Amino acid sequence: MADHQSTGAPVELDEREHGYSRRKFLGSAALLGATGVGAAIGLAGRTGLVEAAAPAGGLSHEVKPGELDAYYGVWSGGHSAEVRVIGVPSGREIKRIPVFNPDALTGWGLTNESKAILGTKADGTLKYTTGDTHHVHGSYKNGIYDGRYFWTNDKIHGRLARIRGDVFECDKITELPNIQGFHGIFPDKADPVDPKINYTTRVFCGSEFHVPHPNDGTNMDDRSKYYCLFTCVDAETMKVKWQCRVDGNMDLVATSFDGKLAASNQYNTEGGALYVEMMSAERDSCVFFNIARIEAAIAAGKTFRLDGSDVPIVDGRKEVNTDPKTALTCYVPVPKNPHGVNASPDGKYFICAGKLSPTATVVELARVLDWFEGKVKAERDTVVAEPELGLGPLHTAFDGRGNAYTTLFLDSQIVKWNIEAAIKAFAGDKSAKPVVDRVDVAYQPGHLNASMSETKAADGKWLAVGCKFSKDRYLPVGPLHPENEVLIDISGEKMKLVHESPVYSEPHDFIIVKRDLIKTKQVSNMADYPNATKDLASSKIVRDGNKVTVHLASAAPAYSMSEIKVKQGDVVTLILTNLDKVEDLTHGFAIPKYDINFIVNPQETRSVTFVADKPGVYWCYCTHFCHALHLEMRSRLMVEKA
Ligand code: CUK
Ligand code: CUA
Ligand code: CA
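Rules used throughout
- Residue numbers here run from 1 along each chain, matching the order of that chain's written sequence.
- For this description, chains carry letters from A and ligands carry numbers from 1, given in the order in which they are written.
- Residues qualify for local features only when their pLDDT is at least 70, as the model is predicted, and side-chain atom pairs are given and counted only at 80 or more; totals for whole chains, interfaces and linings, by contrast, use all residues.
- With hydrogens and water set aside, each side-chain value is computed from the structure's full complement of heavy atoms.
- Stacked, edge-to-face and tilted labels apply to pairs of Phe, Tyr and Trp rings (six-membered ring for Trp) whose centres lie within 6.5 Å, assigned for plane angles under 30 degrees, over 60, and everything in between, in that order.
- What counts as a helix is a DSSP run of H or I of at least four residues, what counts as a strand is a run of E of at least two, and both are numbered from the N terminus.
- Accessible area is worked out with a 1.4 Å probe on protein chains only. A residue is then buried under 20% of its type maximum, exposed over 50%, and partly exposed in between.
- Being near a molecule or strand, for a residue, comes down to having at least one heavy atom within 4 Å of it.
- Each residue receives one of three labels: charged for Asp, Glu, Lys and Arg, nonpolar for Ala, Val, Leu, Ile, Met, Phe, Trp, Tyr, Cys and Pro, and polar for the others, Gly being one of them.
- For two strands to be treated as a pair, DSSP must find at least two bridges joining them.
- Structural elements are reduced to axes, namely lines fitted to C-alpha atoms, with helices fitted over the stretch in contact, and the angle between N-to-C directions of any two is expressed from 0 to 180 degrees.
- Note on contacts: a residue pair qualifies if any of its non-hydrogen atoms lie within 4.5 Å across the two residues.
- Only buried residues count toward a nonpolar core. Its members are Ala, Val, Leu, Ile, Met, Phe, Trp, Tyr and Cys residues joined through side-chain atoms within 4.5 Å.

A.B. asks: Even after reading the chapter, I still don't get the packing of aromatic side chains, so can you show me in this structure?
C.D. replies: Two descriptors summarise a pair of aromatic rings, namely the distance from one centre to the other and the angle between the planes of the rings. Following the criterion strictly, the structure yields 16 aromatic pairs and no others. With a centroid separation of 3.7 Å and an interplanar angle of 5°, the aromatic rings of Phe 230 and Phe 289 are classed as stacked. Remark: Phe 289 occurs in strand β15 (residues 283-290) and Phe 230 occurs in strand β11 (residues 226-234); sequence separation between them is 59 residues. Judged by relative accessible area, which is 0%, Phe 289 ranks as buried.

Printed below as a string of structure tokens:
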């Protein structure tokens, strides 16, 4: 293991230059504490809930009972296939959002509405029941989160899911064509051509696994037929807009604040199938996409298509993009097998972590744009720094004060370093020392993110670190260990590790969003559900041959019908509307032996369809505690023998 002592001399931060003064910061923190009270009351619509006040001299991660967190943490769940909402700084898990995973609590994957989003096979069963969410990103406006949407990827089946920021529920899923190993995603932050469009309209998706085209079993050993595609999805419609063929693979994705560039790090420029092949080259790439040029090429019809999809594809390979002035892509060489690419909040740099190299590579975006104009000669000349950080650098976050924080997977450390100092050192200034501080974490960190990190409002308060191993940090619970989420106070010069919490396997990435950027609806609107049972009087059973529709309603502590009579063999669609308007008054609906359970939140409507193939009496009951008479909230499904 490496020496865990700080190896770099602290960098003198020029407070005026960085627009940051300790005194001012403390003043504004105190102010925030005061306004936080009002904001909390407004947000929750109740008195008595207050934000944790920051004591002088540092941030407190403690959020007392009744207090609210200052940030929404939106976490991927990894191969649990969900997304989670975790309060920051408390580490409290507030919600699990089922996305690619069928969920027994909400009925996600069971209700007709969620099945329509997830996609079904001809027999009505789910197309997929597994998923692997790695990255979560939010929609942007003016370079900061606007709270409209979050997106997450499914690496297994190549799907992009969208989560509504007002209700924290998944509303659309798109399966990307022609790709495998959909890993990195990033929404754009502006339009490269139209300056009026200063918000997210596209989501970019990298693909990590190269597959033969066509992938139909005819050319499985022909390496020349294998390649990867970069995909652009429309943020509103969630339709795939275009794809771009690349050399090599794509791991993570980042986008520039001006909308002109997207980038992806590539660890397998070798096109290898075995890991030894994938690490044979000394250098791999960070590939930059010129979005305006790609979209112009699409508009001009300079495209091809692959069997089984009508998505237009442009060719972004090096060999057909030799003239920088017309090139769609720019492949910047970086040390071997990089991981992670992150955009600095000042809009100037992308940072690509080395993974197998102990360095991070800083690419200046202005130089990449100059390369596309033929003004910078070699792709490598866009690199302005490559500081040595430690072993196994993976991902980088920012504090908005010119510092970067990189996870060192092998060293089990976070390293804080100054970007301008790294640039000076790269230019030959021997007095410049990029590394500012180091802190040990338990253990092996993957992703990290700072509060508002990849936004223009990076506030440099909290840094969360997702550690891949927790080993001895928690009560032993058998062979499967939780992962360890670590919280670090980055408000000062030195990092302060303040909190750890276990999480279910296994988050990869997350974002930390200031809570006032998110406006949620606590009660849904019945008008959004055309199939709602509007009141108790409209509750009824409608028969059409063997198709039976049950229009049911719930109002605590009863369902609108105490008996639901159908015949064996009927195809029953049961539509349940929750008429209760009170916040937090959710009901459930379970049918024993029919494998049905789902919830309806206030004013919402959900439906399930099943074949009544088992005669007899089945006590449908409310599964969600709603009332003192919650246990009495039942209804009999009576299936008459055929
Ligand atoms: S990846 Cu998992 S730690 Cu999917 Cu962003 Cu780097
Ligand atoms: Cu309704 Cu419990
Ligand atoms: Ca490689």
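A.B. asks: Got a minute to help me understand the site of ligand 1 in this structure?
C.D. replies: Residues in close proximity to ligand 1 include His 134, His 135, His 183, Leu 252, His 339, His 395, Gly 446, His 447, Lys 468 and His 508, which together make up its full environment. Taken together, the elements giving at least two residues each to the shell around ligand 1 come down to β4 (133-141) and β26 (445-450). Residues belonging to the shell around ligand 1 are distributed by class as follows: one nonpolar, eight polar and one charged.

A.B. asks: Help me understand the environment of Ala 366, please; the structure alone is not making it clear to me.
C.D. replies: Secondary-structure assignment places Ala 366 in helix α5 (residues 365-372). For the pair formed by Ala 366 and Thr 382, sequence separation is 16 residues and the distance between their alpha carbons is 8.3 Å.

A.B. asks: Looking at this structure, I do not really get the sheet that holds strand β23 (residues 403-408). What am I missing?
C.D. replies: Backbone hydrogen bonds are what pair the strands of a sheet, in a parallel or an antiparallel way. The antiparallel open sheet is built from four strands, whose spatial order is β22-β23-β24-β25. The sheet is open, and its two edges are formed by β22 (393-398) and β25 (435-440), each paired on a single side. Averaged over all neighbouring strand pairs, the angle between strand axes comes to 20°, with direction disregarded. Relative to β25, strand β24 (residues 413-418) runs antiparallel, the two being bridged by five bridges. Bridge assignment links Trp 417 to a residue of β25, and that residue is Val 435. Sheet strands in contact with helix α6 (residues 419-426) are β22, β23 and β24, and its direction is about 70° off that of β24.

A.B. asks: Any chance you could explain the nonpolar core here in plain terms?
C.D. replies: Across soluble globular proteins, you tend to see nonpolar side chains buried next to one another. One finds Val 99, Phe 150, Phe 204, Phe 230, Trp 242, Phe 289 and Ile 294 to be the most contacted residues of the largest nonpolar core, which totals 45 residues. Per-element tally for this core: the top contributor is helix α4 (residues 291-299), with four residues. Among the nonpolar cores identified, the runner-up in size contains 27 residues, and Leu 552, Leu 576, Tyr 594 and Tyr 618 belong to it.

Honestly, it's all geometry; don't read function into it.
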